[in-house]
Amino acid sequence: MCGIIGYIGNKKAKPILINGLLRLEYRGYDSAGIATIEKDGIKIIKEKGRISNLASIDEINNLEGTIGIGHTRWATHGKPSAINSHPHSDNSKTFAVVHNGIIENYNKLRKFLQEKNYTFLSDTDTEVIPNLIHYYYKEGNNFLESVKLACDDLKGSFALEILCNDYPDNMIVVRQDSPLVIGRSLNENYISSDIPAILSFTKDFFFLNDREFALLSRDSIDFYDNNLNKIDKIVKSIEWNTSSAEKDGYDDFMLKEIYEQPNAIRETIGSKLSENKIFFNDFEIEKNYLENISRIYIIACGTAMNAGLATKATFEKFCKIPTEVEIASEFRYKEPLIDEHTLCIFISQSGETADTIAALKLSKAKNAKTIAVANVIGSSITREADFCIYTHAGPEIAVASTKAYTSQVVLLNILALYFAELLQKVPTKEINQVKKEILELPKKAEITLRNVAEVKNFANVVYKETDMFFLGRGLDYYTACEGSLKLKEISYIHSESYAAGELKHGPIALIENGVTVIGIITNPNLVEKTISNMQEVITRGAKTLVITNQKVNESQFFKVINIPNTNPYLSPVLSIIPLQLLAYYISKEKGLDVDKPRNLAKSVTVE
Ligand code: F6R
């Protein structure tokens, strides 16, 4: 939530900042602003609305400075407006600050500063920060010391970039529970909330831990710990290619990412799985440990949580370990029963989701072993967990997650089978059958994508509807949940997902003539059961779409989309693809912004 960008070098900062903000716009898009240091001091320009509004302000073209910071906002405190946009400055206009996160004690700090005669222009939590820095600065502390002292007073989460009029050749950045990366290049440095936004400038990155400070100049970066002792940091080279962060001829990132799934799955399988063996390098989980755990928790939010639901059964069937899937925002406040015999697995594409990170910290504090399943290299969650395994989906830019979801489902299945091989509680032959099918998934995902024309036609028929229902049993129910989430978030059509057998216990009252009901039918043992439930809605006038890899009598449904067959535990990887395409084409038919749906942000770094 919120994107921050920064540049210090010898080029004009403004175009770099605007370009970076456009790439970060998926993180929030209700207002934006930049600040540069000009010959006569810091200049701030900000505007309500999208980055394009900011970029079209005439005055912005006068900015010549070669050091600057920028921000695209997802409002938390204070409605979207120019005055509430970042950067914010202190009363004396000595400092300019952009902030991603939430300052929880801002009311108290604001009161403290008001008592010292500071005044406030905005309703934001952020405005206390530049004023607090100024408060310490005028007491005689230098730039870095003042920032550190101000940070000591802040409670909550923050990634900050700070400019000071008196230090025209420096910028300071610091983070606590919010994302921030530093990209190093020759005689210039870049700051960003994520790697893809600055990937075209550099592949060399530094990652800050909580409460570490970086003092940047054009040709150097000095790192400090929270006591302002100098520390060394190792640069990490990122292998993602630049074109994966571009649209590559597709209309939208979401469509491109849907089509990237065969490759994302292939890359995620990578060298981890061959027909004979599963490898997890640097992974110290042993048979003895697994034999002594009483429970696995899979914890995540949104689509990542749906990926957990879609794989829980593999852990239970092949490892015989009870496995619970929990919503991170609930789990963290629940006093869960965790101890050293609990294994907690956290799934997060961004690796920055505040609730997931908080749940991870709680689990560690209760002595559980923790594994992060992340897509973004070096993200916060990967540094917090005992072990980290990566999906290799490449940068996911569209707010609605697609290729990260299918890659997560694949990786978690591989992990479950890896444990199963260690535990040997089910015949090796059974494990090998699933492994073999996993290797077939990239090809089968390609085949599934060939249904696009049929999905597009169906989207054309139903895009004006106001309600839709998704039904499934077993793993198909979890696919229904994910399909329904995709639809509502990008098409704004109200939709519900139900375990098909639950329909009769209430929701069937909502079914009336013409309403669309989508059934997912992939489990050979449950085909007839789900078909019966679909019949019940057909009787009440529903228009039905069925996604299946089983033999069904197609004439009874409005439309059937056939997908390739696979092992039932893997079917969520394929059955979700037509539903992603359906949500996409409905959103397109409605003329909506597919990649940046309203009220949402890609990375939910606040709780
Ligand atoms: C929906 C979607 C969200 C995310 C959720 C968790 O399409 O993308 O529901 O899955 O916000 O995000 P990560 O995986 O970054 O922790």
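Procedures and definitions
Within every chain, residues take consecutive numbers counted from 1 along the sequence as written. Residue-level local features of this predicted model are given only where pLDDT is at least 70; pairs of side-chain atoms are given and counted only at 80 or more, and the full residue set underlies all totals for whole chains, interfaces and linings. Heavy atoms from the whole structure form the basis of all side-chain values; hydrogens and water molecules are not counted. Cavities and pockets were defined on a 1 Å grid built over protein atoms only: a cavity is a set of grid points that admits a 1.4 Å probe from which the probe cannot escape, a pocket is an open set flanked by protein on both sides within 12 Å along at least five of seven lines, and lining residues are those with an atom within 4 Å of any such point. Grid points are joined across faces, edges and corners, and a volume is the space filled by probe spheres set on the points. Put simply, DSSP H or I for four residues or longer makes a helix, DSSP E for two residues or longer makes a strand, and each gets a number counted from the N terminus. Residues are grouped as follows: nonpolar covers Ala, Val, Leu, Ile, Met, Phe, Trp, Tyr, Cys and Pro; charged covers Asp, Glu, Lys and Arg; every other residue, Gly included, is treated as polar. Delimitation of the domains relies on an automatic or database domain assignment. Note on exposure labels: buried denotes an accessible area under 20% of the residue type's maximum, exposed denotes more than 50%, and partly exposed covers the range between, all computed with a 1.4 Å probe on protein chains only. Any two strands with at least two DSSP-identified bridges between them are counted as paired. Any two rings among Phe, Tyr and Trp, with Trp reduced to its six-membered ring, count as a pair given centres within 6.5 Å; such a pair is stacked if its planes are under 30 degrees apart, edge-to-face if over 60, and tilted if neither. As a reminder, the over-ring test applies to NZ of lysine and CZ of arginine, requiring each to be within 6 Å of the ring centre and within 35 degrees of the ring normal. Only one rule defines a salt bridge in this text: a Lys or Arg side-chain nitrogen within 4 Å of an Asp or Glu carboxyl oxygen. Any residue with a heavy atom lying within 4 Å of a molecule or strand is counted as near it. Here a polar contact is recorded for every N or O atom pair within 3.5 Å, except that within protein the pair must consist of a potential hydrogen donor and a potential acceptor, and residues adjacent in sequence are included only if both atoms are side-chain atoms. A 1.4 Å probe and the Shrake-Rupley method give the accessible areas. Residues count as covered only by the protein chains that appear here. The rule for placing a molecule in a cavity or pocket is simple: more than half of its atoms must lie within 2 Å of the grid points. The convention used is that axes are lines fitted to C-alpha atoms, helices contributing only their stretch in contact, and that angles between N-to-C directions extend from 0 to 180 degrees. Between 65 and 115 degrees an angle is taken as roughly perpendicular, under 35 as roughly parallel, over 145 as roughly antiparallel, and anywhere else as oblique. Each crossing is labelled by how the near helix is turned from the far one, with a counterclockwise turn of less than a right angle marking it left-handed and a clockwise turn marking it right-handed. Here, residues are in contact when the closest pair of their heavy atoms is within 4.5 Å.

Asks: Quick question: what am I supposed to make of the layout of surface pockets here?
Replies: Over the atoms rolls a probe the size of a water molecule, and in doing so it shows where empty space is left. Its boundaries defined by the atoms lining it, the largest pocket holds a volume of some 920 Å³. The wall of the largest pocket is formed by 30 residues, among which E239, W240, I377, Y390 and H392 lie closest to the centre. Those elements giving two or more residues to the lining of the largest pocket turn out to be β15 (236–237), α7 (261–269) and β20 (387–390). Tallied by class, residues from the lining of the largest pocket come to 13 nonpolar, 9 polar and 8 charged. Shared between two domains, the lining of the largest pocket holds at least three residues of each, these being domain 1 (3–239) and domain 2 (245–439).

Asks: Please explain the pairing of strand β8 (residues 171–176) as it appears in this structure.
Replies: Residues in a regular strand point their side chains to alternate faces of the sheet. Most of β8 sits inside the fold, with 6 of its 6 residues counted as buried. Of the two faces of β8, the one carrying M171, V173 and R175 and the one carrying I172, V174 and Q176 are both buried. Sheet topology places strand β7 (residues 156–164) next to β8; 4 bridges connect them, and they run antiparallel. What sits directly across from E161, in β8, is V173. The turn linking β7 back onto β8 is made up of 6 residues. Pairing between β8 and strand β12 (residues 213–216): 4 bridges, direction antiparallel.

Asks: I keep staring at the packing of aromatic side chains and nothing clicks. Help me out?
Replies: Here the distance between the centres and the angle between the planes together describe a pair of aromatic rings. Under the definition given, this model contains 17 aromatic pairs. Aromatic pair Y7 and Y190: ring centres 5.1 Å apart, planes at 55°, arrangement tilted. With Y7 in strand β1 (residues 3–8) and Y190 in strand β10 (residues 188–192), this residue pair connects regions lying 183 residues apart in the sequence. Accessibility assignment for this pair places Y7 and Y190 in one class, buried. On the basis of an interplanar angle of 55° and a centroid distance of 6.2 Å, the ring pair of F315 and F419 is categorised as tilted. Of this pair, F315 sits in helix α9 (residues 302–319) while F419 sits in helix α13 (residues 403–423); the two residues are 104 residues apart in sequence, bridging distant segments of the chain. The exposure classification of F315 matches that of F419, with both residues buried. Each member of the aromatic cluster is reached from another via a ring pair, and the members are F95, Y137, F143 and Y167. The cationic tip of K317 hangs over the ring face of F318; the distance from NZ or CZ to the ring centre is 6.0 Å. Residue placement shows R598 over the ring face of Y492; its charged tip is 3.8 Å from the ring centre.

Asks: Explain the pattern of salt bridges here, please?
Replies: Any two side chains of opposite charge can pair, on the condition that their charged atoms come close. The final tally for this structure, using the stated rule, is 32 salt bridges. Between E260 and K256 there is a salt bridge, with the nearest N and O atoms lying 3.0 Å from each other. Like K256, E260 is buried. Note that E260 and K403 form a salt bridge whose closest N and O atoms lie 2.7 Å from each other. On the criterion of sequence distance, the pair formed by E260 in the loop between α6 (253–259) and α7 and K403 in helix α13 is long-range, its members being 143 residues apart. Residue classification places K403 among the buried positions, given a relative accessible area of 1%. Among the charged side chains, a network of salt bridges with common partners joins R175, D177, D210, K361 and E384.

Asks: What is the right way to read the site of the ligand from this model?
Replies: Inspection of the region around the ligand gives 14 residues, with S348, Q349, S350, T353 and E489 positioned closest. Between E489 and the ligand, the recorded distance is 2.5 Å, taken from a side-chain N or O atom to an oxygen atom. Considering the ligand on its own, with 410 Å² of exposed area, one finds that the protein chains cover 90% of that surface. The pocket occupied by the ligand, as judged from atoms lying within 2 Å of grid points, is the second largest pocket. Of all elements in the fold, only α9 and α16 (475–491) reach the threshold of two or more residues within the shell around the ligand. Of the residues assigned to the shell around the ligand, the class counts are 5 nonpolar, 7 polar and 2 charged.

Asks: What is the right way to read the packing of helix α3 (residues 106–115) against helix α4 (residues 128–137) from this model?
Replies: The geometry of a pair of packed helices is captured by two quantities: the angle between their axes and the separation between those axes. Running from N to C, α3 and α4 cross one another at 45°; their axes reach a closest spacing of 10 Å. Put simply, α3 runs oblique to α4. Seen from above, α3 lies across α4 with left-handed handedness. Note on element contacts: α4 touches α3 through V128, N131, L132 and Y135, opposite Y106, L109, R110, F112 and L113.

Asks: Explanation requested: the sheet that holds strand β19 (residues 369–374) in the structure shown.
Replies: The pairing of strands in a sheet comes from backbone hydrogen bonds and takes either a parallel or an antiparallel form. Across the sheet, 5 strands lie side by side as β17-β16-β18-β19-β20; this open sheet has parallel pairing. The open sheet has two edge strands with one neighbour each: β17 (323–327) and β20. Neighbour-to-neighbour, the strand axes of the sheet open up by a mean angle of 20°, direction not taken into account. Bridge analysis of strand β16 (residues 295–300) against β17 gives 5 bridges, and the strand direction is parallel. Residue pairing across strands places I296 opposite T323, the latter belonging to β17. Strands β16, β17 and β18 (342–348) of the sheet are contacted by α9, whose axis makes an angle of about 175° with β17. Set on the sheet, helix α11 (residues 354–365) makes contact with β16, β18 and β19; between it and β18 the angle comes to about 165°.

Asks: When you look at the pairing of β7 in this model, what are you seeing that I'm missing?
Replies: With 9 of its 9 residues buried, β7 lies for the most part within the structure. Along β7, one buried face is formed by G156, F158, L160, I162 and C164 and the opposite face, lined by S157, A159, E161 and L163, is buried too. As paired elements, strand β6 (residues 95–103) and β7 share 9 bridges and run antiparallel to each other. Residue pairing for β7: F95 is matched across the bridge by C164.

Asks: Where do I start with unusual backbone geometry in this structure?
Replies: Excluding glycine, residues mostly have negative phi values, and the peptide bonds linking residues are mostly trans. Residue P87 is reached from H86 by a cis peptide bond, and omega for that bond is 0°. Residue position: P87 is located in the loop between β4 (67–73) and β5 (88–89).

Asks: Looking at this structure, how should I read the packing of α9 against α13?
Replies: Where α9 meets α13, the closest approach of the two axes is 9 Å, and the angle between their N-to-C directions is 20°. One finds that α9 runs roughly parallel with respect to α13. When the axes of α9 and α13 are compared, the crossing they make is right-handed. The residues of α13 that touch α9, namely those facing T303, A304, N306, A307, A310, T311, T314, F315, F318 and C319, are Y405, Q408, V409, L412, N413, L415, A416, L417, F419, A420 and L423. Broken down by class, the residue content of the contact of α9 with α13 amounts to 15 nonpolar, 6 polar and no charged.

Asks: Looking at this structure, I do not really get the domain arrangement of the protein chain. What am I missing?
Replies: Frequently, the measure chosen for interface size is the accessible area that the parts lose on association. Considered domain by domain, the protein chain is made up of domain 1 (3–239), domain 2 (245–439) and domain 3 (449–589). Computed from C-alpha coordinates alone, the two centres of domain 1 and domain 3 are separated by 45 Å.

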